[in-house]
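Reading the structure
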Amino acid sequence: MNQAIHDASPVADPAEPVMQVARNGYCTGCGACESIAGSDTITMRTSRGGWLRPTVLKPLSEHARAVIRDVCPGMTVRHERIEAGHHLLWGPLVAVRAGHSTDPALRRQGSSGGGISAIALHLLESGKVAFVAQIAVSRTDPLANELQISRNRADILRAAGSRYAPSAPLGRLREIIALDQPFAFVGKPCDIAALRRYALHDARLKANLVCAISFMCAGVPSILGTHELLKKLGTSADELKTFRYRGDGWPGMARAVTRDGRFFQTDYNSSWGTVLNRHLQFRCKICPDGTGEFADIVCADAWYGKDGYPDFTERDGRSLLLSRTRTGEELVRRAIESGAIEADDLPVDDIAQMQPYQVYRKQVVWGRRLAARLARGSAPAYTNMGLFRAALSARPVSALRDAIGTFRRAKGEKQ
Ligand SMILES: Cc1cc2nc3c(=O)[nH]c(=O)nc-3n(C[C@H](O)[C@H](O)[C@H](O)COP(=O)(O)OP(=O)(O)OC[C@H]3O[C@@H](n4cnc5c(N)ncnc54)[C@H](O)[C@@H]3O)c2cc1C
């Protein structure tokens, strides 16, 4: 993967399906295609729009093309079937809790309550996994996201906190598979959807993947969003020593520290709410899975409410914890029993108060996808995601208005 900004125009056949996905704005930037085809054939590079996109270096084999067609979340996202217990809005659910890591540093450095980090560390310390594959900041570039193979608490702590910028954790999946050890994987919902399908094509991956962990995701902002945020703070990428988007509290500050020792910060409302969320990639706007339906365990912000809206007042962190599979539930229960996490059961209906935006997204995505298809001539195939059913629960007028807005954006927005 290359972090310098490149022209994302293809050097190989423009009819190559991977390039079409990128051109149509349906690429999530997960990097699965790089691992499937090999880095000598596809490499992920930062595009002019500030997203990680595949560049095809040489023609793909028919086999690679077929696997990519089955795995790429820009082409397809699907459950094999809608199982009993599939919630209209929240997908497969076994248990719902809210809680936090009992390790004060993980709770503080974590994005919400350090739930993901606590589970990851518990898996390592209990010997369930040999490593955790997760995104962390690059050791050489304070703005770049890189895959980290975490083997101890220091590694997990280093990766804690959300990084609201592109990441391609599946780009190095071949290396992970080659380690041939039991592991846990942390990624965005689209990364996990692709990982699950990839595992159907690779027996070693399937055998070694102990647990897939995700988080609720409102979309990935371009790295240009981070540059705009830095400018608003009064600094720039050239001056940076470190940068974090949040964490170190809940929700915590976006904080830039420069090499000459100055620091700049702003709150979550201003960083995410007024800058970063205006730079989301198009695919995220038609995402069928903002809540990690393919993961074993999902964490999210268990926001407290105020006047019907999430309240971003600073306080001790709290994670929403969803067990989506029996495996996930078993692992969460053990993490609680071992004392790694403190958590209480939560009624399913409480999730909507904590995550109102995810409710809205799920209700409008059927219409948004249709609008994108009409505007761009193609759209990813979403199968057994319950989207039509969810659309029926939306307010018809606002859903229609939303779809028209997507159509206009899909016509106008450059990729
Ligand atoms: C782009 C993005 C959008 C999000 N949108 C929402 C949302 O709509 N609602 C919501 O409740 N939460 C959202 N989150 C997640 C939220 O910020 C927390 O991650 C979640 O509450 C879990 O917190 P935690 O304390 O349990 O995680 P932590 O213990 O802090 O662990 C966070 C984990 O996320 C991984 N990670 C961080 N950034 C990335 C990245 N860019 N790509 C892949 N992995 C990454 C880290 O490796 C780490 O393992 C989003 C996160 C991101 C990165």
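Source: prediction; values computed, not measured.

**A few points about the overall build of the protein chain**
Across its full length, the protein chain holds 17 helices and 20 strands. Against the globule reference of 22 Å for 415 residues, the protein chain gives a C-alpha radius of gyration of 20 Å, in line with a compact fold. Oriented by its inertia axes, the alpha-carbon framework of the protein chain measures out at about 55 × 55 × 45 Å. Out of the 415 residues belonging to the protein chain, those deemed buried represent 52%. For the protein chain, contacts bridging at least 24 residues in sequence account for 74% of all contacts bridging at least 6.

**Some details on the packing of helix H5 (residues 115–125) against helix H13 (residues 326–337)**
Between H5 and H13, the least distance of the axes is 10 Å, while the angle of their chain directions is 85°. Compared by their axis directions, H5 and H13 come out roughly perpendicular. Touching Ala118, Ile119, His122 and Leu123 of H5 are Leu331, Val332 and Ala335, all from H13. Classifying every residue of the contact of H5 with H13 gives 6 nonpolar, 1 polar and no charged.

**Looking at the environment of glutamate 83**
Looking at the secondary structure, you find glutamate 83 in the loop between strand E4 (76–78) and strand E5 (86–87). Looking at glutamate 83, the number of C-beta atoms within 10 Å reads 10, which means it is exposed. Sequence separation between glutamate 83 and asparagine 384 is 301 residues; the distance between their C-alpha atoms is 9.5 Å.

**Side note on helix H15 (residues 356–376)**
In a regular helix each residue adds 1.5 Å, so 21 residues correspond to 30 Å; H15 covers 29 Å between its end C-alpha atoms and thus fits that length. In the structure, H15 departs most strongly from a straight axis at valine 365, where the bend amounts to approximately 45°. Buried residues of H15: Val359, Arg361, Lys362, Gln363, Val364, Val365, Trp366, Gly367, Arg368, Arg369, Ala371 and Ala372, and no others. Of the surrounding elements, those touching the buried residues of H15 are helix H12 (282–285), helix H14 (350–354), strand E20 (381–383), helix H16 (387–392) and helix H17 (396–412). Within two residues after H15, glycine 377 carries a phi angle of roughly 85°, on the positive side.

**Describing the sheet that holds strand E13 (residues 254–258)**
If you trace the 3 strands from one edge of the open sheet to the other, you get E12-E13-E14, paired in antiparallel fashion. Bordering the open sheet on either side are strand E12 (240–244) and strand E14 (263–266), each of which pairs with just one other strand. Adjacent strand axes in the sheet meet at a mean angle of 10° when their direction is disregarded. When E12 meets E13, the two strands line up antiparallel, connected through 4 bridges. Residue pairing across strands places arginine 244 opposite arginine 255, the latter belonging to E13.

**Here's the deal with the pairing of strand E2 (residues 42–46)**
The buried count for E2 comes to 4 of 5 residues, which makes it a mostly enclosed element. In the sheet, E2 pairs with strand E3 (residues 52–56) via 5 bridges, with the strands oriented antiparallel. Bridge assignment links methionine 44 to a residue of E3, and that residue is proline 54. Connecting the antiparallel pair E2 and E3 is a turn made up of 5 residues, with glycine 50 showing a positive phi of about 90°.

**A closer look at the site of the ligand**
Not every one of the 34 residues close to the ligand is listed here, only the nearest: Gly110, Ser112, Ser117, Ala218 and Ala300. Considering only residue class, the shell around the ligand consists of 15 nonpolar, 16 polar and 3 charged.

**Side note on the sheet that holds strand E9 (residues 145–150)**
The strand order E9-E8-E10-E11-E15-E18-E7-E19 describes an open sheet built from 8 strands, whose pairing is mixed. If you trace the sheet from one side to the other, it starts and ends with E9 and strand E19 (341–345), each paired once. Neighbour to neighbour, the strand axes of the sheet diverge by 30° on average, direction disregarded. Contacting strand E7 (95–101), strand E8 (131–137), E9, strand E10 (183–187), strand E11 (209–215), strand E15 (297–301), strand E18 (319–323) and E19, H5 runs over the sheet at an angle of about 170° to E11. Sheet strands touched by H13: E7, E11, E15, E18 and E19. Its angle to E18, the strand with the most contacts, is close to 135°.

**Describing the packing of H15 against H17**
Two numbers describe how H15 lies on H17: the axes approach to 8 Å, and their chain directions differ by 35°. The two elements H15 and H17 cross, and the hand of that crossing is right-handed. Mapping the contact onto sequence places Gln363, Val364, Gly367, Arg368, Leu370, Ala371, Ala372, Leu374, Ala375 and Arg376 in H15 and Ala399, Asp402, Ala403, Thr406, Phe407, Ala410 and Lys411 in H17. Here the residues of the contact of H15 with H17 sort into 10 nonpolar, 3 polar and 4 charged.

**Re unusual backbone geometry**
The amide bond that connects tryptophan 250 to the next residue, proline 251, takes the cis arrangement and shows omega of 0°. By the secondary structure assignment, proline 251 is in the loop between E12 and E13. With a phi angle near 50°, aspartate 180 is a residue other than glycine that sits in the positive phi range. Assignment of secondary structure puts aspartate 180 in the loop between helix H7 (173–179) and E10. At asparagine 384, a residue that is not glycine, the phi angle is positive and equals roughly 55°. When you line up the elements, asparagine 384 lands in the loop between E20 and H16.

**A closer look at the pairing of E11**
The buried fraction of E11 is high, at 6 of 7 residues. When E10 meets E11, the two strands line up parallel, connected through 5 bridges. From the neighbouring strand, valine 186 faces E11, where its bridge partner is isoleucine 213. Judged from the 3 bridges that link them, E11 and E15 form a sheet pairing that is parallel. Looking across to E15, one finds that serine 214 is bridged to valine 298.

Criteria and thresholds
- Residues numbered from 1 in each chain as written.
- Predicted model: local features only at pLDDT ≥ 70, side-chain atom pairs only at ≥ 80, totals over all residues.
- Helix = DSSP H or I, 4+ residues; strand = E, 2+ residues; numbered from the N terminus.
- Rg over C-alpha atoms; globule rule 2.2 N^0.38 Å.
- Buried ≥ 20, exposed ≤ 12 C-beta atoms within 10 Å, placed from the backbone.
- Contact = placed C-beta atoms within 7 Å.
- Axes fitted to C-alpha atoms, helices over the stretch in contact; angles between N-to-C directions.
- Parallel < 35°, antiparallel > 145°, perpendicular 65-115°, else oblique.
- Nonpolar A, V, L, I, M, F, W, Y, C, P; charged D, E, K, R; others polar.
- Expected span 1.5 Å × (residues − 1).
- Bend = angle between axes of the 7 residues up to and from the residue.
- Pairing = 2+ DSSP bridges.
- Near = placed C-beta within 6 Å.
- Left-handed = near helix turned anticlockwise from the far one by under 90°.

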